[in-house]
Amino acid sequence: MDVVALQLAGLGVLIVLSGFFSGIESAYTSLTAAQVHAVRERTPKRGARVERLMSMPDRLLSTILIGNNLVNIAAASLATVIATRVFGDLGPGIATGGLTIIILMFGEVTPKQISITHNVFVAVHTARVIVALEVLFRPLVILVAGVSRFATRISGGSHAGREPTAEGVLSVVRHAASVGVLSPQASWFMKNVLRFHEVTVNMIMTHRTKVFSLDRRTQVGEAIDQIVESGYSRFPVYDGDPERIVGIVLVRDIVRGISRGNAETTLKTLMMPPIFVPETRKVQQMLAEFRHAHQHMAIVLDEYGGLAGIVTLEDVIEEILGEIYDENEPRAGDQIVRRGDGSYRIAGETPLYVVNERLETDFEHSRGAQTVGGLLTELAGHIPSEGSVFETDQGTFVVEHISRKRILQVRFRPAPVE
């Protein structure tokens, strides 16, 4: 075999190595945290090796790029020598043009596409090679990685963006839903779970003006009609003042008492101590407290210790699963009705999160604005009058009906989409 043949064989090996390094780079940069975790579960040893490499991205990329550049430079030099030997003075130009096309096809584009498609397989089966090359190139890797970090630092960059965030995961969920990987319902559930830690009790509680309660001195026989009419399985009881809650009574205990002929028993004898929570309590903490106390209802207090409302286990669960309707409970969908002219009729008591979900708006909750009525009252600075108009970035509200200083119904026209 002559010299040119040996040089061509060496050039072929260098082109293969160029494709090898390019493929490895694409395989590792396209790996997701979920894929790394799955590899660790299936093959602990190999997975640990891949995880270690992914935990040091600066060194990983420096090792691969050093290898890739050394191979490409060697290939360019060898191709020039071969072309000069064969074509004379035209050799360098022919080598440059020919090698550029070959490297692009077989050393960059093709191996990258294959590696992205089979990134897990490539990463798992090349991890040992990368570890060995990292040891071999260590002095150069440390130098290159150090210079890179220094340049990143003085340019104002940081590695904070690599850390997963809730907003980043939400973005992935939205993308998965848009391409059909997740069903709309599954996407909706996941969004609710990710936002669960942000929700406070005052966003989901039943306001004190809507709380059904009875005096603790009331006899069971006298209250049974009101209890049946209310449709609740449990309710708070008070001592003289409806805002002074002292206990919670289960309807099943009332029914048991009546069946035993104890109709004259007062609610005081059946009530259990209530759970008191501040309105700023996080919903995820509330769920843990319900589980610990083995109760399904808590009394919510405002910052002054007064009654703000009540919250139930059902309210908490609905933050993930959506509304769970009782047989006689009005549906939240009935609170928002689309009109023929493109506007919506919305009940003033409709929670803002329901409006955001149904109309794809982004109205922010605040201490005084948990419902549409609360939002408009906060915007006005006082109880608005019928016919009041409120312009917002997301649409226009018109107050249609007010009763006893409460906004009962509004009309909302969304802002046109630009």
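Our structure's up above, just so we're on the same page.
Note that residues are indexed from 1 along each chain, following the sequence as it is written. Only residues with pLDDT of at least 70 get local features here, since the model is predicted, and only at 80 or more are side-chain atom pairs given and counted; chain-wide, interface and lining totals rely on the full set of residues. Working from all heavy atoms in the structure, the side-chain values ignore hydrogens and water.

A. Up close: helix 14 (residues 313-321). Within helix 14, the full set of buried residues consists of Leu-313, Asp-315, Val-316, Glu-318 and Glu-319. Working rule for contacts: check all heavy atoms of both residues, and any pair within 4.5 Å makes them a contact. The helix and strand labels rest on DSSP assignments: H or I over at least four residues marks a helix, E over at least two residues marks a strand, and numbering proceeds from the N terminus. If you follow the buried residues of helix 14, they end up packed against helix 9 (184-195), helix 10 (201-204), strand 1 (206-207), helix 13 (283-293), strand 7 (307-312) and helix 15 (352-359). Partly exposed describes any residue whose relative accessible area lies between the buried limit of under 20% and the exposed limit of over 50%, with all areas from a 1.4 Å probe on protein chains only and scaled to the type maximum.

B. Examining the layout of surface pockets more closely. We place a 1 Å grid over just the protein atoms. Points where a 1.4 Å probe fits but has no way out form a cavity, open points with protein on both sides within 12 Å along at least 5 of 7 lines form a pocket, and any residue with an atom within 4 Å of a point lines it. Grid points are joined across faces, edges and corners, and a volume is the space filled by probe spheres set on the points. Its volume calculated, the second largest pocket comes out at about 910 Å³. Together, 27 residues line the second largest pocket, and Arg-195, Tyr-353, Asn-356, Glu-357 and Asp-362 are the ones closest to its centre. Among the secondary structure elements, those contributing two or more residues to the lining of the second largest pocket are helix 8 (166-178), helix 9, helix 10, helix 14 and helix 15. Ranked by residues supplied to the lining of the second largest pocket, first place goes to helix 9 with six residues. Residues were grouped as follows: Ala, Val, Leu, Ile, Met, Phe, Trp, Tyr, Cys and Pro as nonpolar; Asp, Glu, Lys and Arg as charged; and all remaining residues, including Gly, as polar. Residue composition of the lining of the second largest pocket, by class: ten nonpolar, five polar and twelve charged.

C. Spatial organisation of the sheet that holds strand 2 (residues 214-215). At least two DSSP bridges between two strands are needed for those strands to be called paired. Read across the open sheet, the three strands follow the order 2-3-4; overall the sheet is mixed. The sheet is open, and its two borders are formed by strand 2 and strand 4 (241-250), each paired with just one other strand. Sheet analysis places strand 2 next to strand 3 (residues 234-239), joined by two bridges and oriented parallel. Across the sheet, Asp-215 pairs through a bridge with Tyr-238, a residue of strand 3. Against the sheet, helix 12 (residues 251-259) engages strand 3 and strand 4, with an angle of about 70 degrees to strand 4. Here an axis means a line fitted to C-alpha atoms, over the contact stretch when the element is a helix, while the angle between two N-to-C directions is reported on a 0 to 180 degree scale.

D. Structural detail: the packing of aromatic side chains. Pairing of aromatic rings covers Phe, Tyr and Trp, the last counted by its six-membered ring, and requires centre-to-centre distances within 6.5 Å; plane angles under 30 degrees mean stacked, over 60 mean edge-to-face, and any other angle means tilted. Under the definition given, this model contains six aromatic pairs. Relative to Phe-21, the ring of Phe-20 has its centre 5.5 Å away and its plane inclined at 70 degrees; by these criteria the two rings are edge-to-face. On the basis of relative accessible area, Phe-20 is assigned to the partly exposed category, the value being 29%. The exposure class assigned to Phe-21 is buried, which follows from its relative accessible area of 6%. An aromatic cluster is built from Phe-212, Tyr-232 and Phe-235, whose rings are joined through pairwise contacts.

All we've got here are geometric facts, nothing functional implied.
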